[in-house]
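Examination of the molecular architecture
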Amino acid sequence: MKVYLLLFLEVTILCLSTSKDLKAKARRYHVLNSYALSNITSISASEEADSVYIASVNRIDRLDKNLKRLDEAITGPQNDSADCTAPWCGVEGERVDNINKLLLVDHVKSRIIVCGSLYQGSCETRDWKTLEKIYNSKDRFLEENKPALRKMVCVSPDCNAVGLIGQGFTVGSPVLYIANSQDDVNAPHTTISALGIYSLNHSGKNENSLFGQTIDGNSVMDDINQNKPIFQYIFETGDFDTGHIYFLFNSQQVPYVKGYVNKIARICKRDSSFFSYVEMPLACDPDNPDVTIGERIITNAYFAHRGVHNGTLYVTYNFLKKEYSTACDYDIKVLDRLFEETLESCWTCGGYLNCGSEKIVELVEGECQISRYLTDDANVTQELLNENYLSFFPSFVPTTSVWCGTAYAASKIKRTKIIDGNIIYQEQNSNFSNIIVDDNQKVAFIGSLEGQLLKINLKEINKENRKYATVDIGEPLIGNLVWGIRDASHPPRFYAQTAKEVLHMTTAACKMYKDCQSCFASSDVYCGWCTLKNKCLAREECLSDAETEMARRWLKPGKDTCIRNQNKLVFQRSHNGPIDILISNLPQLNEGESYLCVYEGVGNISKPATTDVIDANSTRLTCDVPSPTQIPMSSDGSDFVEVPLKILYNNNVDILTKSVTFYDCEQYATRTDRPCYDCLKSKWNCSWSVAQHRCVSPSSIDNGTRDTWIEHDQTDECPHVQDTFHPHPLIPVRYPTNIILKVVNMPPMADSRNGINCNFELDKGHTFNSRGTIQPGAAGESTSTVLCSKTSFGYDAKKTLLQSKLTLTWDTDKTVDFKENEFTFYKCSATRDDCSKCLSADAQYRCGWCQNPGESNGGQCQIPELCNNRTFISESRKCPVHEITSFTPSSGPIEGGTEVEIFGKNMGATSSEVSEIEVADTKCTLIPEKFVTSTKIVCRTGKVVKETQGLVSVQVRNIKQTSKNMYKYKKPDVTTVEPLLGPQAGGTKLTVRGSNFNIGGSKRITIDHGFGAGVDCNDLSVVNDSMITCLTAEVTNAKDDLQLSLVIDGNYYLIPKLFSYKPNPQVKEVKTLSNSGHLTSYVGGGRKLFIYGSSFKSVQKSTLTATILDLDRSTQRKRHLLVRRNIKKSTEKRRRSSDEDFVFEADCKVEKDTMLICGTPQVKSGLESWTHLRTNAGVKPLKAFLTLFMDNVEITLGELTYLDNPDFHLSSSNQDRVAHDYLKIDVDHLAHSEAVTEDEIIVLIGKERCIVEPIYKSNQFLCEIPDQPKGDQLKYTLTVSIGFTTWLLGSVSYRPTKKSDYSTIIIVVVAAVVSVVVLFVVVCVLCKCRRKCNKANHDAMEREHELDIISPTNWMGAGTSKDKGNLYKTVPVNDRKTVQESPSSMRSRDQKRSYQVVPESDKTGKENLMSDDEA
């Protein structure tokens, strides 16, 4: 039962592993490229611009069709407030993220329209190549006109906005349609328009006024907002005069009631006032009574155009709380007819269908009424114009149709009768999220929140069989699926998105199928077998324009069959002449093309093959065959060899490989066991000749001698050995033995022609030959007896038993068939070197101990016949006394339970001969199943009350022997353990300290996780007698205060401190100081990644790895697994494999439980130079895959972009300038704000930091010179550091202050102090005279002010840091507006204290110690 269970588990694991590999393979072949980006809101692709646009929070990216970034534009965060409608509004606000809600491509004007959440949902125009904002007079209505700029899209993070750019009144005057879901009531601003129309024309005032229309402040807007619409899709049909705009949305059934109604709304393109607005409810319900209509929501849609007005609308639905999804299609012609039916019912029948009893229409306000204008189409528009309703309409407005509504007819119409769709696919336990349809191939691609992409064949009649492939993406698919830029050389491609990346996907991953059979079995409608390329390809990838009609070059599943040969290719090795191969669906060749037959291992042995068309599906291909000497021999001794034959197209494309079988009957004559029998049983119908001892094909036999041959399958006529007469099949070595055989069909001349020979080969180099004689049977019998003469056999191998076969030959080399051909030879002394071992042998061998006379220990194991004059011992009680040589372990716990292994000689033939064992005078219980004859006894120690020691004694066959060494009973003591917490995934290294750990046998450390049993630590290691380490195991639930125990030989010793399993660390966000959506670093590494999450303090060791992705996928996976395996070992020293040259790692530091800081790994092993990535265009950035390892927890962090290291050097302007406060440093490849910020550039002058100022240039930055350190040193080294990399740029020299200046300062200070004292005395004496006192005080104040001006504190930098804190002021600097100037910079500016910069290369330059005044 256990075997079956294990087999079942192995098969299950294999199936799961295979399934996982297939899923990974499907994703690898379907996803062509990816672009990592978070918070994506919109994707658009433009063939005209040859670009893909991605809108996300705070940024817009322009990529090429393969998702390589071309440009980017930062759109936020910006200062914004509820009162602000534009960047120039003048209202002071706070920094707010810009959620780019909508990105549309205006192909007419070669620009993109981007609408975001800033400034109450504003829109802006940008160039579709550079992404720069477009500012000119034509764009004022979008860029400067505040009322037209604001409130165009909703601003809440969760609200939807969909849009479309359609044709306006004239060619070249596009119109923008926007549909908004209702904003959150708590949003800072709210959007007014649920539906809006905006002109994108630049010339006409009337048109701008006309299309500044929305459903504002009227009943329809109120109704839509009241029912909280969620707009999901917008599309158009037709031209301006006859076309429509359609909206799909979910609306609540009634206010404050859960559940949604799914609706489609329509307006005419030429209706700017929504008079033609009509909405109708949709349904797409499965045949499932458990799914209620109120739980259904539209998740996505796609409209497949077919002509101007034709097409099919595909819609996906989810049923909330049921995990059920459906997809339906709707013919747009049917929908338009129902729209018109709804209008007609309202305008002509008061809301009733066909003027009958069924009411299908209701209005938002009022009732449907028959309009007098509908009876006179010719006067409708003129009547409106007379009433001045549409006085600003251009003259080309149609005047005959009223289906687009009028101000006088009922409008804002709602149909109540539900329209059911046609279900194209449905699935349980799935949540459809998006859909796109290839209308040419009738294939739908449906994404799901489960992270799967379903491929649906709409041509399949059985809907349950429509899904032909599932691509496991691994992350929920969100947003819209967008068709890629078309290319005639491959099948259609599209773009999909997850929360982390944009995916460039192909509709057909044909290349994942490696042969024609799997290609056809895939059921992929795009795939077929490209015969002359020998690949599974889409039609576009296989055929050129000239080949599209050529037969058999692209085989289509369901219509064609794979190329295959139709006849058997089996021939004799000696076959001469060409062979014909019948092949189905072999493509016909054009002039200059050819087929060639190539045999593997033989090479090209013929001229190009010839072809002959037999019928529409079959072709005869004629090939030459190799000569018998060219055909390789079989490597396994079989009678045939299969030689692969390749049919090559144009000598390089293998379009068909088939094995040709060449068989050989002749080789049976050389066999030694059953040559005749095997010949006659071969599948080639071979015949056997006894006299000639040959096996040949029947076609090779001369008709005149055919009677002398034994025909196929007549094996009873073969000469063969029938039985053995030896009484004992076991043959002892070194003892002469006869072999007797019974032989059938022995030829009469066998004994007379060179005799009979019996041959044994026991061991290499040990061949025994004996002469045989034949004793014929009774008259008329075919049986005779063969007697092999007595032979003494032997072999050198130290084996007790040895099998060998007997070869019976006659006439020198003719072998007699022998089926049961196996003889066993045995040697008693081979492995039995003492008496106990010898007597443990099975009785059939008759082994005994041959004791030398007068010796107690010497002897040999033999059979009685070979014992000669020695004493033959056959009873174990007569064996010599046993001996104890060693035992292990040498100590154990006083509680006992230790399994002691005792080694020695002659310690019993069986365990029953061991009668008593004592360890340190304490009984030790024998473990019989671990007894090894004569050499090993295992026992389990008993318990003692205190630490003690003593000898080991064993009593065998009533004789007791003792050991030479002592066994010690010890008491282990556990004092402490660290750490006391770790993640529930395990992998935390525990260190247990105490004493007496090097005792006993088995050791383990258990952690009681509260489920009734403990979990053992892994990889336990006894470091020394006082320390043990191990790695915690994984548990399912986190739990605190768990008891740790050290278990030695089953005895538990409680560890004083408790251990806690904490929840596994979780990563929520990864940031750099750049705070951008991309993680970027220099190859030098060391850039800080701020990883935010939870439970980081439970981790003992954190390591960040970077796997370079610019490699083939198999190499990436292999190297990632290697580094993962090495990291999980958690050893102090890891040995890097050569396969890990593209995997780098760096340690991380836990700052707090919610934040981890990691330095980006440094790229080493020669990749710093990037020589393999350098092109004419420069250096290609490296992409790396980041993985965070925290004990046993592994978390994927996404992609990191590595840029080339910058190059720093001192600006030449520093050589000529003195007395300025800022040092200029030139730099190449800085990538400011992307790979580094000002705070991450560490500039040091000596040990003092030179603070980097805000960087405005890509090739230069400034830093403020710090105060000169105390002391006489004037020259200091200048270094720049970023992360792990430091650049030495040269040195900086400070100029000393002149001593004469200090003397003057001291004299002035002393004089001032003396003056103050004298003044104070004079005032006290003359205080009677008020006028004089006042005058004296006034003079003192003036002197104090003068003293303050010349104080050294102000011009020598003296004073505390508190004093300095009040001395900062703002001054102009170069071309920037203002900077914060420190006291040191003011001193430099006022007193011209200066420094000199000396480059590193200037080794002979002298220091210039002159001040500016001296110069």
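First things first, this report covers the structure right here in the doc.

This part is about the overall build of the protein chain. Secondary structure assignment for the protein chain yields 19 helices and 97 strands. Looking at the 1415 residues of the protein chain, the share that counts as buried comes to 48%. Put simply, of all contacts in the protein chain between residues at least 6 apart along the chain, 58% involve residues at least 24 apart. Total accessible area on the protein chain stands at roughly 70,000 Å², and carbon and sulfur atoms take up 48% of it.

A separate point is the nonpolar core. L248, I264, L313 and I647 are the most contacted members of the largest nonpolar core, which has 104 residues in total. Broken down by element, the residue count for this core peaks at seven residues, all from helix α7 (residues 332-349). Residues contacting I647, with those up to four places away along its chain left out, are I581, Y595, L596, C597, L621, C623, V653, D654, I655 and L656.

Attention shifts here to a negative patch on the surface. Among the surface-exposed residues, D707, E711, D716 and E717 lie close enough to one another that they form a single negatively charged patch. Tracing the backbone through its elements, the reader meets D716 in the loop between β46 (694-696) and β47 (720-724). Residue D716 is classed as exposed on the basis of its relative accessible area of 68%.

Further remarks concern unusual backbone geometry. Peptide bonds are trans in most cases, and residues, glycine excluded, mostly fall at negative phi. Of note, the amide linkage connecting G76 to P77 takes the cis form, showing an omega dihedral of -5°. Assignment of secondary structure puts P77 in the loop between β5 (69-74) and β6 (78-80). Cis geometry marks the peptide bond from T888 to P889, where omega comes out at -5°. The topology assignment puts P889 in the loop between β61 (883-888) and β62 (891-893). Positive phi, close to 55°, is recorded for Y119, a residue that is not glycine. The class for Y119 is buried, based on a relative accessible area of 8%. Of note in this structure, S1095 is not a glycine but carries a positive phi near 60°.

Over its 18 residues, α7 runs 24 Å from end to end, which matches the ideal 26 Å to within 8%, given 1.5 Å per residue. Along α7, the positions that sit buried rather than exposed are I332, L335, D336, L338, F339, E341, T342, L343, S345, C346, W347 and C349. At the N-terminal boundary of α7, the capping side chain belongs to D331, with an oxygen 2.8 Å from the backbone nitrogen of K333. G350, located one to two residues past α7, shows a positive phi value of around 65°.

Attention now moves to the sheet that holds strand β72 (residues 1003-1008). Spatially, β70-β77-β76-β72-β73 is the arrangement adopted by the five strands of the open sheet, whose pairing is mixed. One side of each edge strand has no neighbouring strand; the edge strands of this open sheet are β70 (981-983) and β73 (1014-1016). Looking at each pair of strands side by side, their axes are set apart by 40° on average, direction ignored.

Summed over all chains, the structure comprises 20 disulfides. Across a sulfur-sulfur distance of 2.1 Å, C154 and C159 are joined as a disulfide pair. Looking down the S-S bond of the C154 and C159 bridge, the torsion is 105°, so its handedness is right-handed. For C758, the disulfide goes to C788, at an S-S distance of 1.9 Å. What sets the handedness of the C758 and C788 disulfide is the S-S torsion sign, and at about -70° it is left-handed. Taken together, the residues span a long stretch of sequence, with C758 in strand β50 (residues 756-763) and C788 in strand β52 (residues 783-791) at a distance of 30 residues. No difference in accessibility class separates C758 from C788, as the two residues are buried.

This brings us to the pairing of β72. One ladder, built from five bridges, connects β72 with strand β76 (residues 1039-1048); its direction is antiparallel. Counted as the bridge partner of R1004 is V1047 from β76. Inspection of the sheet shows β72 paired to β73 by three bridges, in the antiparallel sense. Following the sheet pairing, D1008 is matched in β73 by G1014.

This brings us to the side chain of T1006. Following the sequence through the fold, T1006 ends up in strand β72. Overall, the relative accessible area of 6% leaves T1006 in the buried class. With residues up to four places along the chain from it excluded, the contact list for T1006 reads V1015, D1016, Q1043, L1044, S1045, V1047 and Y1052.

The strand order across the open sheet formed by three strands is β34-β33-β35, and the pairing between neighbours is antiparallel. In this open sheet, the two strands that pair with only one neighbour each are β34 (535-538) and β35 (554-555). Bridge count between strand β33 (residues 527-530) and β35: two bridges; the pairing is antiparallel. From the neighbouring strand, W529 faces β35, where its bridge partner is L555.

We now examine a positive patch on the surface. Positive charge collects at one region of the surface, where R28, K511, K514, K533 and K535 lie side by side. Looking at the element boundaries, R28 is found in helix α1 (residues 2-30).

What follows deals with the packing of aromatic side chains. Counted under the stated rule, the structure contains 26 aromatic pairs. Measuring from centroid to centroid gives 6.2 Å for Y246 and F339, while their planes differ by 50°, and the two rings are tilted. Linking Y246 in strand β16 (residues 244-252) with F339 in helix α7, this pair joins segments that are 93 residues apart in sequence. Here Y246 and F339 have matching classes, each one buried. The interplanar angle of 85° and the centroid separation of 6.1 Å between the aromatic rings of F1208 and F1261 together place this pair among those described as edge-to-face. Within this pair, whereas F1208 is found in strand β88 (residues 1207-1210), its partner F1261 is found in strand β92 (residues 1260-1264), the two being separated by 53 residues in sequence. As far as burial versus exposure is concerned, F1208 and F1261 are alike and both buried.

With the rule as written, the count across this model stands at 43 salt bridges. Two residues, K837 and D833, come together in a salt bridge whose shortest N-O distance is 3.1 Å. Here D1040 ties to K1062 by a salt bridge, and the two come within 3.0 Å at their closest N and O atoms. Within this pair, whereas D1040 is found in strand β76, its partner K1062 is found in strand β77 (residues 1051-1062), the two being separated by 22 residues in sequence. What makes D1040 partly exposed here is its relative accessible area of 40%. One network of salt bridges, in which partners are shared, links R59, D61, R69, E72 and E1234.

Parameters at a glance
- Residues numbered from 1 in each chain as written.
- Predicted model: local features only at pLDDT ≥ 70, side-chain atom pairs only at ≥ 80, totals over all residues.
- Heavy atoms only, no water.
- Helix = DSSP H or I, 4+ residues; strand = E, 2+ residues; numbered from the N terminus.
- Buried < 20%, exposed > 50% of the residue type's maximum accessible area, 1.4 Å probe, protein only.
- Contact = heavy atoms within 4.5 Å.
- Areas by Shrake-Rupley, 256 points an atom, 1.4 Å probe, with all protein chains shown as cover.
- Core = buried A, V, L, I, M, F, W, Y, C linked by side-chain atoms within 4.5 Å.
- Patch = residues over 30% accessible without salt bridge, like charges linked within 9 Å, V, L, I, M, F, W, Y side chains within 5 Å.
- Salt bridge = Lys/Arg side-chain N within 4 Å of Asp/Glu carboxyl O.
- Lys, Arg positive; Asp, Glu negative; His and termini not counted.
- Charge placed at Lys NZ, Arg CZ, Asp CG, Glu CD.
- Expected span 1.5 Å × (residues − 1).
- Polar contact = N/O pair within 3.5 Å; in protein donor to acceptor, adjacent residues only side chain to side chain.
- Pairing = 2+ DSSP bridges.
- Axes fitted to C-alpha atoms, helices over the stretch in contact; angles between N-to-C directions.
- Disulfide = S-S within 2.5 Å.
- Phe/Tyr/Trp six-rings, centres within 6.5 Å; stacked < 30°, edge-to-face > 60°.

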